[in-house]
Amino acid sequence: MPTNCLFCQIIAGQIPATVVHRTERLTAIRDINPAAPTHLLLLPNEHIGSVAEAQPAHAALLGELLLTAAVVAQQQGLGGGYRLVINTGADGGQTVQHLHVHLLGGRAMRWPPG
Ligand code: AMP
Ligand code: ZN
């Protein structure tokens, strides 16, 4: 685990966060600066820097992130719809270098995003 990675430290319980779902392979937390009434982050417990750094061996884990996002969205009452976002790299707006899926809901989303 990279000791300077914020999300690795959250997953390890070294930095507090509101955990809403946790399995052996992934953790879902509330975003500290929500951009929607519901704003969660789904994190693989294993450190992967971004989608661009994911390997074929991560295929099942990547699928599990999306499937779990759908389950958590239902649990959060987002049956009317929601948005999943994976910011990747500098131009993609990624600010934390540990792969994460944003789950946004509770308001109507606009398109295109900024
Ligand atoms: P991104 O810009 O796609 O890399 O998303 C990083 C997200 O992490 C942002 O939405 C931040 O608000 C969120 N974030 C940063 N620090 C924390 C923290 N300590 N706990 C929860 N979410 C955080
Ligand atoms: Zn990490």
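Up top you'll find the structure we're talking about.
Fair warning: this is a prediction, and the values are worked out from it, not measured in the lab.

Surrounding the zinc ion (ligand 2) are the protein donor atoms Cys-5 (SG), Cys-8 (SG), His-47 (ND1) and His-98 (ND1), at 2.0 to 2.3 Å. One can describe the donor arrangement at the zinc ion (ligand 2) as tetrahedral, given that its 4 donor atoms subtend angles of 106 to 116 degrees at the metal. For the zinc ion (ligand 2), the single-chain donor residues occur in sequence as C-x2-C-x38-H-x50-H. With Cys-5 in the segment before helix H1 (6-11) and His-98 in the loop between strand E4 (83-85) and strand E5 (101-105), this pair connects stretches of sequence that are 93 residues apart. A residue is classified by how much of its surface remains accessible, and Cys-5, at 6% relative accessible area, is buried.

So, about the nonpolar core. Core analysis: the largest hydrophobic core is formed by 14 residues, its most contacted members being Leu-42, Leu-65 and Leu-103. Of the residues forming this core, the biggest block, 5 residues, is contributed by helix H2 (residues 59-75). Setting aside chain neighbours within four positions, we find Leu-42 in contact with Thr-27, Ala-28, Leu-65, Thr-68, Ala-69, Leu-99, His-100, Val-101 and Leu-103. Counting 9 residues, the second largest nonpolar core, distinct from the first, contains Phe-7, Cys-8, Ile-11 and Val-96.

We now examine the pairing of strand E1 (residues 19-22). Note: E1 against strand E2 (residues 26-30), 3 bridges, orientation antiparallel. Paired with Arg-22 across the bridge in E2 is Thr-27. The hairpin formed by E1 and E2 contains 3 residues between the paired strands.

With that settled, the discussion passes to the layout of surface pockets. Estimated volume of the largest pocket: approximately 370 Å³. Taken together, 17 residues form the lining of the largest pocket, with Arg-83, Val-85, Leu-104, Pro-113 and Gly-114 sitting closest to its centre. If you tally residues by element for the lining of the largest pocket, the top one is E4, at 3 residues. Here the residues of the lining of the largest pocket sort into 8 nonpolar, 5 polar and 4 charged. Taken as a whole, the second largest pocket spans an internal volume of roughly 320 Å³. Surrounding the second largest pocket, 19 residues form its lining, Leu-6, Phe-7, Asp-31, Ile-32 and Leu-41 being those nearest its centre. Ranked by residue count, the leading element in the lining of the second largest pocket is H1, at 3 residues.

Here is what the cut-offs are and how they apply
- Residues numbered from 1 in each chain as written.
- Chains lettered and ligands numbered in written order.
- Predicted model: local features only at pLDDT ≥ 70, side-chain atom pairs only at ≥ 80, totals over all residues.
- Heavy atoms only, no water.
- Donors = N, O, S within 2.8 Å, 3.2 Å for Na, K, Ca; no water.
- Tetrahedral: all angles 85-135°; square planar, octahedral: opposite > 155°, others 65-115°.
- Helix = DSSP H or I, 4+ residues; strand = E, 2+ residues; numbered from the N terminus.
- Buried < 20%, exposed > 50% of the residue type's maximum accessible area, 1.4 Å probe, protein only.
- Core = buried A, V, L, I, M, F, W, Y, C linked by side-chain atoms within 4.5 Å.
- Contact = heavy atoms within 4.5 Å.
- Pairing = 2+ DSSP bridges.
- 1 Å grid on protein atoms, 1.4 Å probe; cavity = no way out; pocket = protein on both sides within 12 Å on 5 of 7 lines; lining within 4 Å.
- Points joined across faces, edges and corners; volume = space filled by probe spheres on them.
- Nonpolar A, V, L, I, M, F, W, Y, C, P; charged D, E, K, R; others polar.

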